[in-house]
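# Observations on chain architecture
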Amino acid sequence: MIADKLFKSLAHSCEGYEKFLNGNTIEPGYKPDYVLRKGTDFIILESENSSSRKTFVGGLIKAAHFLQGERTGILVFIIVPKVNAKASTIASHLGTYFSWVKEKTNLRSVLVIEAGHYYNESIVLKIGDDEFNRCAIKA
C-alpha cells in the first residue's frame, strides 16, 4: 500500500515538466493525486491501492474530461498489484474505455505501472525515461 501522503511527497518528474498540483482540485469534482505541467500539457498521476475496476475507469473518465480544449496530456496509474489487479489486467481493462473516449478528449495515453517498479526508498523513475517506458503498460 502507498500512503497518500507519501505518494504526494515523492519527487515525480518528467523532462521539461514542473509540479503543478499535488492533491488539489483541478476542476470541480476532480482532485488527482499529483499533476505535472508543461504549458498546456499535463501528466496526471493517480496512486491506486484499490483493485476496483470502477475506480480506474472513473479516473480515466475524469482525466479525459479535464483534458479538453487547449489542454492535452497523459494519465499514469501507479498501482499496488493484487491477485486480481496487476498492471497488465488493469491496462487491458482500461483499453476498451480509452478507445471509446479517445475521440472526445486530448488524453493521448493511459499508462499503468506497478508501485514497486515506479519507486523505492530512494529512487523515483522519471516519466518517459527508458526504465519507466520498459515497466509501464499502455491501456
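Residues numbered from 1 in each chain as written. Predicted model: local features only at pLDDT ≥ 70, side-chain atom pairs only at ≥ 80, totals over all residues. Heavy atoms only, no water.

### Some remarks on the pattern of salt bridges
- Taken as a whole and judged by the stated rule, the model has 5 salt bridges.
- Residue Arg71 is joined to Glu27 by a salt bridge in which the shortest nitrogen-to-oxygen separation is 4.0 Å. With Arg71 in the loop between helix H2 (53–66) and strand S4 (72–79) and Glu27 in the loop between strand S1 (18–21) and strand S2 (34–38), this pair connects stretches of sequence that are 44 residues apart.
- Exposure remark for Arg71: the relative accessible area of 30% places this residue in the partly exposed category.
- For Glu131, the salt bridge goes to Arg134, with nearest N and O atoms at 2.5 Å. With Glu131 and Arg134 both in helix H5 (residues 130–135), this residue pair falls 3 residues apart, about one helical turn.
- Among the residues examined, Glu131 registers a relative accessible area of 36% and is labelled partly exposed.
- Using a relative accessible area of 61% as the deciding quantity, one classes Arg134 as exposed. (Salt bridge = Lys/Arg side-chain N within 4 Å of Asp/Glu carboxyl O. Helix = DSSP H or I, 4+ residues; strand = E, 2+ residues; numbered from the N terminus. Buried < 20%, exposed > 50% of the residue type's maximum accessible area, 1.4 Å probe, protein only.)

### Some words on the packing of aromatic side chains
- This structure, assessed with the given rule, holds 5 aromatic pairs.
- Seen in terms of ring centroids, Phe20 and Phe42 are 5.6 Å apart; in terms of plane orientation they differ by 70 degrees. Their pairing is edge-to-face. Highlighted residues: Phe20 in strand S1 and Phe42 in strand S3 (residues 41–48), separated in sequence by 22 residues.
- For Phe20, a relative accessible area of 31% corresponds to the partly exposed category.
- Geometrically, the ring pair formed by Tyr118 and Phe132 is edge-to-face, given 6.3 Å between the ring centres and 75 degrees between the ring planes. (Phe/Tyr/Trp six-rings, centres within 6.5 Å; stacked < 30°, edge-to-face > 60°.)

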